[in-house]
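Observations on the three-dimensional arrangement
Here's the letter readout for the chains.
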Amino acid sequence: MIQLNGLVERLNERFPGAVLDVGSFRRETTVVLRAAELLPVCQFLRDDPDLAYDLCLFVSAVDQQDLGVSPRFVGVYQLYSLTHQRRLRLKVPLSGEQPAVDSVTPVWRAADWHERETYDLLGVQYRGHPELRRILLPHDWTGHPLRKDYPLGGEPVQFTVNPDDPVLAGLGQQTMEAPSPESDVPPWFSAREDTMILNMGPQHPATHGVLRVVVELDGERIVNAAPDIGHLHSGFEKTAEHRTYQQFATYPSRMDYVAGMSNDLAYVLAVEKLVEAQVPPRAEAIRVILLELQRLAAHLIWIGTQTLDLAGTIHALLQYAFREREMILDLFEMVCGARITTSYFTTGGLRWDVPPAFSPKVREFVDLFDKRLDEYEVMLTNNLVYRSRLEGIAVIDAEQATGLGCTGPVLRGTGVGYDVRKHAPYCGYEEYDFAVPTQPEGDAYARYKVRVAEMRQSLHIIRQGLDRLVQIGAGPVKDHDRKITLPPREELETSMEALIHHFKLVTEGFSPPAGEVYTSVENPKGELGFYLVSDGGPQPYRCKIRGPSFSNISALRVMAPGSMFSDLVSMIGSIDITMGEVDR
């Protein structure tokens with residue numbers, strides 16, 4: 001294992017002139033490379049045992065037009081070494097209005113979809129990419145929305161006009177031709193004459209959202225399968241650039257609405273890192289309790305819906321899973337008045353403290369859930385029908401999962417014990433005693449076993465958090481810096497200074513120093529991260545969201561070939577996706 005100085009020395013020795021600059025901000029390292037050297041440097045970073053950057057978290061770019069720097073575009077590569085447990089960010093200046101750079105898909109297959117997304121939204125060309133075409137927007141879309149000269153909004157929305165408008169005269173009638181065009185088949189499909197192309201979704205209930213899977217079949221056997229995403233693309237990243245840091249805090253829970261608390265915290269942690277907020281210990285403990293409750297709620301949705309997908313005599317488990325999930329949502333409602341899109345975490349801590357009844361109710365729930373989880377396992381773990389639908393299905397090995405950028409239970413189901421709570425702790429997780437469950441088989445049943453074990457670990461963490469709350473006692477739950485956190489309501493009645501701070505924060509927000517950060521959390525589905533670029537103003541200059549479902553569902557291309565078509569439902573359910581987070 002070598003430190004930053006050693007890394008730069010190695011790069012300069014191996015690739016003279018390749019390193020243009022080295023920067024550090026908020027304890028994060030950024031190495032700026034010449035574009036011509038990107039591919040060999042990436043190969044070296046992955047293959048050298050002292051470096052071993054084997055996990056590509058995301059590939060993106062920043063349009064620097066409004067920063068007054070040249071060139072206009074810069075490529076961004078966020079890497080992680082599973083062996084040495086450290087992060088590294090690479091940046092590559094890209095010249096011209098039609099920027100181009102070598103694709104790094106030969107090094108990390110995970111870059112495939114990320115490069116397509118960057119091409120789609122920012123117009124960066126990746127030389128040597130195997131399938132460089134749009135991934136979120138329609139193929140005939142004009143322009144690249146994340147460029148700074150692309151306007152926000154302005155698209156006509158159907159049926160927002162007056163009912164008298166002539167455009168509605170043919171409502172309910174077929175007024176246009178409805179041809180059936182050729183199916184949009186990926187170029188890497190076999191093109192055999194004896195295979196058949198079928199579309200699964202985007203209306204199929206077992207695709208867990210508006211996911212379309214293009215499947216090439218030889219009889220009932222899958223030859224190729226390609227997820228087609230983007231049907232829910234909502235422009236979260238573009239919206240973030242036009243909201244203050246505080247205003248955008250209400251958006252993340254609307255991506256993965258099954259794990260709203262986790263989504264909110266990932267964004268809040270990034271902002272807190274930018275402004276160097278000091279979160280009180282009591283707020284950290286409450287965050288951990290709520291995050292683990294959210295993990296339980298998300299896994300309950302997964303275990304109920306996946307079991308329903310597989311049908312049989314055990315489909316009633318969905319009702320039991322929702323019974324326990326409702327208890328968790330009752331706790332969320334007790335804390336903040338909301339059940340799904342909570343927005344309870346805020347920069348510097350929590351919006352307010354939890355009520356006195358919170359801890360006893362949580363302890364009562366975890367004691368009950370222990371027994372209920374035993375009942376789930378009696379129903380499923382050794383159920384021959386259930387196991388026959390999962391064992392040997394959707395198999396992926398550790399090397400493939402790492403190369404595709406998979407995280408969460410999908411990666412841990414191949415025996416790789418990567419968990420952000422352990423490898424890059426936040427909210428004081430390093431002070432909690434818990435294990436990271438893994439299974440070596442890499443199939444759908446292994447993912448089931450990992451998630452069930454994770455639920456037991458979550459109960460263990462929650463109990464520790466409750467004990468920690470007792471040890472900490474009463475105290476503040478947000479940073480005292482009134483320039484980043486709203487003052488308590490009672491102060492507004494007695495302090496003119498508090499009133500001014502309140503007014504300035506609500507109307508203008510706060511302005512972090514110029515810089516860039518990446519923070520992530522262990523979302524129930526994997527690593528959810530936010531890459532924020534600040535230009536010193538009250539709004540993020542660039543917001544890149546690294547969603548776990550986006551990378552995990554891309555693994556379907558590897559899992560599916562050779563399997564039966566009927567097993568595709570098991571595969572999608574075992575990955576556990578939320579399309580709102582995939583499409584963003």
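Here the structure is a predicted model, which is why all the values come from computation and not from measurement.

1. Structural notes on the overall build of the protein
Looking only at helices and strands, the protein has 19 helices and 15 strands in total. Relative to a compact globule of 584 residues, whose C-alpha radius of gyration would be 25 Å, the protein shows 24 Å and is just as compact. With the principal axes as the frame, the protein shows a C-alpha extent of 80 × 70 × 60 Å. Here the contacts in the protein between residues at least 6 apart in sequence split such that 68% fall between residues at least 24 apart. Accessible surface computed for the protein: about 23,700 Å², of which carbon and sulfur atoms make up 53%.

2. Some remarks on helix α7 (residues 317-336)
In an α-helix there are 3.6 residues to a turn, and that puts residues three or four apart on one side. Over its 20 residues, α7 extends 29 Å from the first C-alpha to the last, a length consistent with the 28 Å expected when each residue adds 1.5 Å. Among all positions of α7, only Leu-317, Ala-321, Glu-324, Arg-325, Ile-328, Leu-329, Leu-331, Phe-332, Val-335 and Cys-336 are buried. One side of α7 carries all its buried residues, which in axial view fall inside an arc of 150 degrees. Positioned one or two residues after α7, Gly-337 has a phi angle of 85 degrees, which is positive.

3. Some points on the pattern of salt bridges
Counted according to the given criterion, the structure contains 49 salt bridges. Among the ionic pairs, Arg-72 bridges to Glu-97, the shortest N-O distance being 2.7 Å. Residue Arg-72 is located in the loop between β3 (55-63) and β4 (73-81), and its partner Glu-97 is located in the loop between β5 (86-94) and β6 (100-102); the two are separated by 25 residues in the primary sequence. Close ionic contact of Arg-412 with Glu-454 constitutes a salt bridge, the shortest N to O distance being 2.5 Å.

4. A look at the packing of aromatic side chains
The geometry of an aromatic ring pair is captured by the separation of the ring centres together with the interplanar angle, meaning the angle of the planes. Counting across every chain of the model gives 21 aromatic pairs. With centroids separated by 5.1 Å and ring planes inclined at 15 degrees, the aromatic side chains of Phe-248 and Tyr-251 adopt a geometry described as stacked. Since its relative accessible area comes to 0%, Phe-248 is described here as buried. For the pair Tyr-445 and Tyr-448, a centre-to-centre distance of 5.6 Å together with 25 degrees between the ring planes defines the contact as stacked. Highlighted residues: Tyr-445 and Tyr-448, both in helix α13 (residues 444-472), separated by three residues, approximately one helical turn. The same class applies to Tyr-445 and to Tyr-448, which are both buried. Ring pairing ties together the aromatic residues Phe-236, Phe-248, Tyr-251, Tyr-267 and Phe-530, which thus form one cluster. Lying over the aromatic face of Tyr-429, Arg-421 brings its terminal NZ or CZ to 5.9 Å of the ring centre. Sitting over the ring of Trp-302, Arg-451 keeps its end group 4.8 Å from the ring centre.

5. Notes on helix α8 (residues 358-380)
Helix length check: α8, at 23 residues, gives a terminal C-alpha distance of 32 Å against a target of 33 Å (1.5 Å per residue), a fit within 8%. Looking only at α8, the buried set comprises Phe-358, Val-362, Phe-365, Val-366, Phe-369, Arg-372, Leu-373, Tyr-376 and Leu-380. Those residues of α8 hidden inside the fold are in contact with α6 (281-310), α7, α9 (384-388) and α13.

6. A short note on the nonpolar core
By size, the foremost hydrophobic cluster in this structure holds 167 residues, and its most contacted members are Leu-45, Leu-290, Leu-293, Tyr-344, Phe-530 and Leu-568. Looking at this core, the element that brings in the most residues is α6, giving 14 residues. Contacts of Leu-45, omitting those with residues within four sequence positions, involve Leu-7, Leu-11, Leu-51, Ala-52, Tyr-53, Leu-79, Leu-88 and Leu-90.

7. Some points on the packing of helix α5 (residues 260-275) against α6
Two elements in contact, α5 and α6, have axes whose closest approach is 8 Å; the angle formed by their N-to-C orientations is 140 degrees. As summarised for this structure, α5 and α6 are arranged oblique, according to the angle between their axes. The segment α5 lies against α6, with Gly-260, Met-261, Ser-262, Leu-265, Val-268, Leu-269 and Glu-272 engaging Arg-287, Leu-290, Leu-291 and Gln-294. Classifying every residue of the contact of α5 with α6 gives six nonpolar, three polar and two charged.

8. Some thoughts on the sheet that holds β3
Read across the sheet, five strands follow the order β1-β2-β5-β4-β3 without closing on themselves; strand pairing throughout is mixed. Each having just a single partner strand, β1 (19-25) and β3 make up the two edges of the open sheet. Going across the sheet, the axis of each strand differs from the next one's by a mean of 20 degrees, ignoring polarity. Direction of pairing for β4 relative to β5: antiparallel, over a ladder of nine bridges. Paired with Gln-78 across the bridge in β5 is Arg-89. Contacts between helix α3 (residues 111-122) and the sheet are confined to β3 and β4, with β3 contributing the most and set at about 10 degrees to the helix.

Calculation rules
- Residues numbered from 1 in each chain as written.
- Predicted model: local features only at pLDDT ≥ 70, side-chain atom pairs only at ≥ 80, totals over all residues.
- Heavy atoms only, no water.
- Helix = DSSP H or I, 4+ residues; strand = E, 2+ residues; numbered from the N terminus.
- Rg over C-alpha atoms; globule rule 2.2 N^0.38 Å.
- Contact = heavy atoms within 4.5 Å.
- Areas by Shrake-Rupley, 256 points an atom, 1.4 Å probe, with all protein chains shown as cover.
- Expected span 1.5 Å × (residues − 1).
- Buried < 20%, exposed > 50% of the residue type's maximum accessible area, 1.4 Å probe, protein only.
- Arc of directions from axis to C-beta.
- Salt bridge = Lys/Arg side-chain N within 4 Å of Asp/Glu carboxyl O.
- Phe/Tyr/Trp six-rings, centres within 6.5 Å; stacked < 30°, edge-to-face > 60°.
- Lys NZ or Arg CZ within 6 Å of the ring centre and 35° of its normal.
- Core = buried A, V, L, I, M, F, W, Y, C linked by side-chain atoms within 4.5 Å.
- Axes fitted to C-alpha atoms, helices over the stretch in contact; angles between N-to-C directions.
- Parallel < 35°, antiparallel > 145°, perpendicular 65-115°, else oblique.
- Nonpolar A, V, L, I, M, F, W, Y, C, P; charged D, E, K, R; others polar.
- Pairing = 2+ DSSP bridges.

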